[in-house]
Amino acid sequence: MLAQLGIDHQVRSIISSSLLAVCSTHVFVSIAWDCQEVVNIKNLMQIDAGLGQVVATDTSQIPYYLVGDEWIRLPGSLKHITVGPAGIWGINKADSIHKYVAGNWVQAAGLLKQLDAGGEQFIVGANVDDTPYCLTRSATVGYKGPGSPLPWTGLPGSVKYSSCGPFGCWAVNKNDDIYLMSLNQDCQNNGWRHIDGKLSMIEVATDGSVFGVNSAGQVYTRDGITASKPEGTGWSNVPMCMPMKHVTYDLGRLWVISNSGFTMVCTH
């Protein structure tokens, strides 16, 4: 049995290396995205980049922070992690919310299955019932542990995944419908506006760029986003030769995680 497992692992490694080589060449030729495998980290489940920082968590729910080319293991166990102007926040398997404070995770009140720190120092997230929430800038920045005020504000609608940037917050619901909302630091909003297309997850970069992945594992980016036209003009496919499950973008680097557990970083 052990010998068979060893052979299976070798075969998988050979096939995977071949797929990655083909994929990297394919993407480069297609639209001038040059993708390279991130070789020193395996089996990532989710990744987030913002303000020059990159964090991730793997299938064993181990959180990491990228320093140079080295993935530094952070304390604790998290199924979801985010970094941005609002700091570093994470969620564990029980949906408990934590903020990274002075090298340790400090638990915050509430339960969410996903959250995002990409807004202008405010937090957005969704709970297990797909109810969206927002935490104001003052509460987000000032939170240092139990005793700090944490007034979560309910948002309209129903979403399973949301992410914010300088020009607004994007979200997808259980039907993969896409929405955009203007949201300020006090969580005041004008409601969700439906955007064409279908995505299963979506991420907004610190510069306002929007990337997402659909249920088939295809990666898309939103074109024409500006401060005066935050909804952009349309979607463009970013060709990948294997299905992807998660994507994030920051400072010219597109990070993608495949369904089979590989992580690649692409530059344009």
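Summarised in this report is the structure supplied together with it. All figures in this text were calculated on a predicted structure; none of them were measured in a lab. Position numbers for residues count from 1 along each chain, tracking the sequence in the order it is written. Selection of residues for local features in this predicted model requires a pLDDT of at least 70, selection of side-chain atom pairs for listing and counting requires 80 or more, and totals for whole chains, interfaces and linings are taken over all residues. With hydrogens and water set aside, each side-chain value is computed from the structure's full complement of heavy atoms.

### Some remarks on the overall build of the chain
On a plain count of helices and strands, the chain comes out with 2 helices and 24 strands. When the 268 residues of the chain are sorted by exposure, 51% land in the buried category. The contacts of the chain with a sequence gap of at least 6 include a subset with a gap of at least 24, amounting to 47%. Computed with the Shrake-Rupley method and a 1.4 Å probe, the accessible areas treat only the protein chains shown as cover for residues. Put simply, the chain shows about 11,900 Å² of open surface, and 54% of that area lies on carbon and sulfur atoms. Each helix is a run of DSSP H or I of at least 4 residues and each strand a run of E of at least 2, with the numbering of both proceeding from the N terminus. Think of it in three bands: residues with accessible area under 20% of the maximum for their type are buried, residues over 50% are exposed, and the middle band is partly exposed, with areas taken using a 1.4 Å probe on protein chains only. Any two residues whose heavy atoms approach within 4.5 Å are treated as being in contact.

### Describing the packing of aromatic side chains
Aromatic pairs are defined between Phe, Tyr and Trp rings, using the six-membered ring for Trp, whenever the two ring centres lie within 6.5 Å; interplanar angles under 30 degrees are classed as stacked, those over 60 as edge-to-face, and all others as tilted. The final tally for this structure, using the stated rule, is 6 aromatic pairs. Each ring, one from Trp 33 and one from Phe 211, has its centre 6.3 Å from the other, and the planes form 85 degrees; the classification is edge-to-face. Residue Trp 33 is located in the loop between helix 1 (2–31) and strand 1 (34–37), and its partner Phe 211 is located in strand 19 (residues 210–213); the two are separated by 178 residues in the primary sequence. The same class applies to Trp 33 as to Phe 211, namely buried. These aromatic residues form a ring-pair network of at least three members: Trp 33, Phe 211 and Tyr 249.

### Re the pairing of strand 18 (residues 201–204)
Side-chain alternation along strand 18 places Met 201 and Glu 203 on one buried face and Ile 202 and Val 204 on a second face that is also buried. The rule for pairing is simple: two strands pair if DSSP sees at least two bridges between them. Bridge count for strand 18 against strand 19 is 4 bridges, and the pairing is antiparallel. The residue of strand 19 that forms the bridge with Glu 203 is Phe 211.

### Some details on the pattern of salt bridges
One side-chain nitrogen of Lys or Arg within 4 Å of one carboxyl oxygen of Asp or Glu is enough to make a salt bridge. What the rule picks out here adds up to 8 salt bridges. Glu 231 serves as the salt-bridge partner of Lys 229, at 3.1 Å between the closest nitrogen and oxygen. Accessibility expressed as a relative area gives 33% for Lys 229, which makes it partly exposed. Salt bridges sharing partners connect three or more residues here, namely Arg 193, Lys 229 and Glu 231.

### Here we look at unusual backbone geometry
One non-glycine residue, Gln 61, adopts positive backbone phi at about 65 degrees. Structurally, Gln 61 is set in the loop between strand 3 (53–58) and strand 4 (63–67). Although it is not a glycine, Leu 251 sits at a positive phi angle of roughly 50 degrees.

### A short note on the nonpolar core
Grouped together as the largest cluster of nonpolar side chains are 30 residues, with contacts concentrated most on Trp 170, Ile 202, Met 240, Leu 254 and Val 256. The set of elements that each furnish at least two residues to this core consists of strand 15 (168–172), strand 16 (177–181), strand 18, strand 19, strand 21 (234–238), strand 22 (244–250), strand 23 (253–258) and strand 24 (263–267). Think of a nonpolar core as a cluster: buried Ala, Val, Leu, Ile, Met, Phe, Trp, Tyr and Cys residues, connected wherever their side-chain atoms sit within 4.5 Å. Counting residues in hydrophobic clusters, the runner-up holds 15 residues, among them Ile 91, Ile 97, Leu 135 and Ala 139.

### Digging into the environment of Gln 188
Counting through the fold element by element, Gln 188 comes out in the loop between strand 16 and strand 17 (193–198). Judged by relative accessible area, which is 53%, Gln 188 ranks as exposed. When the C-alpha positions of Gln 188 and Thr 136 are compared, they lie 9.2 Å apart, and in sequence the two are 52 residues distant. With sequence-adjacent residues up to four places away left out, Gln 188 is seen in contact with Ser 182 and Leu 183.

### Digging into the sheet that holds strand 14 (residues 161–165)
Sheet strands pair by backbone hydrogen bonding; their relative direction is either parallel or antiparallel. The 4 strands are arranged 14-15-16-17 in an open sheet whose pairing can be described as antiparallel. Either end of the sheet is taken by a strand with one partner, and the two such strands are strand 14 and strand 17. Going from strand to strand, the sheet's axes swing by 25 degrees on average, the running direction of each strand aside. Relative to strand 16, strand 15 is paired through 4 bridges, and the arrangement is antiparallel. Bridge pairing links Trp 170 to Leu 180 in strand 16. Each axis is a line fitted through C-alpha atoms, taken for helices only over the stretch in contact, and angles between the N-to-C directions span 0 to 180 degrees.

### What to know about the sheet that holds strand 3
Overall, antiparallel pairing links the 4 strands, which are arranged 2-3-4-5 in an open sheet. Looking at which strands have only one partner, the edges of the open sheet turn out to be strand 2 (44–50) and strand 5 (70–73). On average, each strand axis in the sheet is tilted by 30 degrees relative to the strand beside it, whichever way the strands run. Across 3 bridges, the pairing between strand 3 and strand 4 is antiparallel.

### Observations regarding the state of the cysteines
The criterion for a disulfide is a pair of cysteine sulfur atoms lying within 2.5 Å. All told, the structure shown has 3 disulfides when counted by the stated rule. Bridging Cys 35 to Cys 266, the disulfide has an S-S length of 2.0 Å. Negative torsions about the S-S bond denote left-handed disulfides, and the value of about 105 degrees found for Cys 35 with Cys 266 makes this one right-handed. Taken as a pair, Cys 35 in strand 1 and Cys 266 in strand 24 lie far apart in primary sequence, 231 residues in all. The exposure classification of Cys 35 matches that of Cys 266, with both residues buried. Shown here is the disulfide that connects Cys 134 with Cys 187, its sulfur atoms set 2.0 Å apart. Residues Cys 134 and Cys 187 share a disulfide whose torsion about the S-S bond is about -80 degrees; that sign makes it left-handed. Placement of the pair is Cys 134 in strand 12 (residues 132–135) and Cys 187 in the loop between strand 16 and strand 17, with a sequence separation of 53 residues. Counting its disulfide-bonded cysteines in sequence order, the chain shows a connectivity of 1-6, 2-5, 3-4.

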